[in-house]
Amino acid sequence: MDHSQAFISYIKKRLDYFHSNKKDFHIIIVGTNDPLAKGEIKITKTIDCLLGICKKYNLVYQYYQQENEFIEAFLSGKIDSSKAVVYNRTTMGPPNSKRSLIPAFCGLNDIKCLGNDAYRMGLLCNKFHYSSILRNIGISVPDFWCYCSQYGWITTPPPEGIKVIAKLINENNKVSLTNASVDVFSENFNFLVESLSHKYNQPVIVQKFIAGYEITIPVFMDLESEVIVPQILGIYTAQQHRAGDQIMCEADLSYLRNTDCREKYYDFSNINSQVCENIRKDATLIAKALGIKGFSRFDVRIDDSYQPFFIDLGSMPGILPTCSFDYIFAEYGFTYEDFLITTMSMD
């Protein structure tokens, strides 16, 4: 079975399971706003989409805005752990573990929680840690260095004169990433890295900057623990296939959020099908090596010699309309509603 057939079969199974068993569903949605993430999509929009599915299909559901509310409800006997399935969309708490609290609590109390467990949530929130693992298993990643305000440079600093990009180690790229985040490494750029680390009280990863194509990869893990990568998606930048030296700053992310997905993404196999197959193999290895569950999104830059470099792994990718998953589902004849239902019915 090829990747397209595997994806279609997997989604149909999930949809059939949902529609056959929806009367038994008891969904608990836990989601919060993150005050650190300037310009980030309000999580309430995501919650509204999920609650809309619950209401449309008359599912039994509970919604808690705060982690503490959910925990207190369970401890006071308001949640039946034998029936409940937790849908975790939390982003509060310490940067290095803010997505891990709910999976950890659920694991401790034998509550089913969709997606990754506490360990993997924490791991996938640390770019330095997972980049080190990827490099060790033979995945191409850009050269990288780590700085923290407590110790300074964990490794030697980047050599002067190399073009680099600075990112907070525990945050998605909506936080702090601007055009100033990309430059030739120098004393001034070193000061920018130090300032970022102090301001946000977390380490900073500095990666060698890869000019070329911006790529995103929706990844699914099916019931038999097989990895499904339906398509390798290119992202249009300034209406061009090739991003070149540009990066996805807040203005670009705002554009992505508010533009029809068919105007944002394209099938990269139309540019280079062999590279797509190589990326698919690497993405499969990553998902298996890290033990990723449910659905995730991997980000890649491809240089002008068509060498791919994995730059980011997303443990809790966006699920709003116009996201890359919306595009993938539409490409295979499914709807955005089908996507949300699939995320609710994953084991």
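Residues numbered from 1 in each chain as written. Predicted model: local features only at pLDDT ≥ 70, side-chain atom pairs only at ≥ 80, totals over all residues. Heavy atoms only, no water.

*Asks:* Which residues make up empty space enclosed by the protein, and what values do they have?
*Replies:* Overall, the coordinates contain 1 cavity of 30 Å³ or more when judged by the stated rule. Looking at the largest cavity, its volume works out to about 160 Å³. In terms of lining residues, the largest cavity is bounded by 14 residues, among which Tyr-87, Asn-88, Leu-114, Gly-115 and Phe-295 are the most central. Broken down by element, the residue count for the lining of the largest cavity peaks at 3 residues, all from strand β3 (residues 85-89). For the lining of the largest cavity, the residue count by class is 7 nonpolar, 6 polar and 1 charged. (1 Å grid on protein atoms, 1.4 Å probe; cavity = no way out; pocket = protein on both sides within 12 Å on 5 of 7 lines; lining within 4 Å. Points joined across faces, edges and corners; volume = space filled by probe spheres on them. Helix = DSSP H or I, 4+ residues; strand = E, 2+ residues; numbered from the N terminus. Nonpolar A, V, L, I, M, F, W, Y, C, P; charged D, E, K, R; others polar.)

*Asks:* Give me the lowdown on the packing of helix α1 (residues 3-21) against helix α11 (residues 336-344), citing residues and values where you can.
*Replies:* One can describe the packing of α1 onto α11 by two numbers: an axis separation of 9 Å at closest approach and a directional angle of 75°. With respect to each other, α1 and α11 are oriented roughly perpendicular. Taking contact as the criterion, the partners of Tyr-10, Ile-11, Arg-14, Leu-15, Phe-18 and His-19 in α1 are, on α11, Asp-338, Ile-341 and Thr-342. For the contact of α1 with α11, the residue count by class is 5 nonpolar, 2 polar and 2 charged. (Axes fitted to C-alpha atoms, helices over the stretch in contact; angles between N-to-C directions. Parallel < 35°, antiparallel > 145°, perpendicular 65-115°, else oblique. Contact = heavy atoms within 4.5 Å.)

*Asks:* For the packing of aromatic side chains, give the residues involved together with the corresponding values.
*Replies:* Tallied over the entire structure, the rule returns 28 aromatic pairs. Each ring, one from Tyr-236 and one from Tyr-266, has its centre 4.9 Å from the other, and the planes form 45°; the classification is tilted. With Tyr-236 in the loop between β12 (233-235) and α8 (250-257) and Tyr-266 in strand β13 (residues 265-267), the pair connects residues that are 30 residues apart, well separated along the chain. Since its relative accessible area comes to 23%, Tyr-236 is described here as partly exposed. Ring-pair connections join several aromatic residues into one group, and the members of that group are Phe-7, Tyr-10, Phe-220, Phe-295, Phe-325, Phe-329, Tyr-332, Phe-334, Tyr-336 and Phe-339. We note Arg-14 situated over the ring of Tyr-17; from NZ or CZ to the ring centre the distance is 4.8 Å. (Phe/Tyr/Trp six-rings, centres within 6.5 Å; stacked < 30°, edge-to-face > 60°. Buried < 20%, exposed > 50% of the residue type's maximum accessible area, 1.4 Å probe, protein only. Lys NZ or Arg CZ within 6 Å of the ring centre and 35° of its normal.)

*Asks:* Talk me through the sheet that holds strand β5 (residues 144-148); I want residue IDs and the actual numbers.
*Replies:* Read across the sheet, 5 strands follow the order β6-β5-β9-β7-β8 without closing on themselves; strand pairing throughout is antiparallel. A strand with exactly one partner marks an edge of an open sheet, and here the two such strands are β6 (152-153) and β8 (182-184). In the packing of helix α6 (residues 127-136) onto the sheet, contacts are made with β5, β7 (163-168) and β9 (204-208), and the angle to β5 comes to roughly 155°. Contacts from helix α7 (residues 187-200) reach β5, β6, β7, β8 and β9 within the one sheet, and its direction differs from that of β7 by about 5°. (Pairing = 2+ DSSP bridges.)

*Asks:* Would you mind going over the state of the cysteines in detail, with residue names and values included?
*Replies:* Tallied over the entire structure, the rule returns 0 disulfides. Here Cys-113 stays free of any disulfide, with the sulfur of Cys-106 as its closest cysteine sulfur at 4.3 Å. (Disulfide = S-S within 2.5 Å.)

*Asks:* How would you summarise the side chain of Ser-100 if you had to cite specific residues and measurements?
*Replies:* Mapped onto the secondary structure, Ser-100 falls in the loop between β3 and α4 (101-108). Look at Ser-100 and you get buried, because its relative accessible area is 11%. Among the polar contacts listed, one links the side chain of Ser-100 to the backbone oxygen of Ala-118, at a separation of 3.0 Å. Apart from the residues within four sequence positions on either side, Ser-100 is in contact with Ala-118, Met-121 and Gly-122. (Polar contact = N/O pair within 3.5 Å; in protein donor to acceptor, adjacent residues only side chain to side chain.)

*Asks:* Which residues make up α4, and what are the values?
*Replies:* Residues Ile-102, Pro-103, Phe-105 and Cys-106 constitute the buried set of α4. Along the axis of α4, the buried residues cluster in a sector spanning 165°; they form a single face. For α4, exposure combined with an orientation more than 90 degrees from the buried face picks out Gly-107 and Leu-108. One or two positions beyond α4, positive phi appears at Asp-110, with a value near 55°. (Arc of directions from axis to C-beta.)

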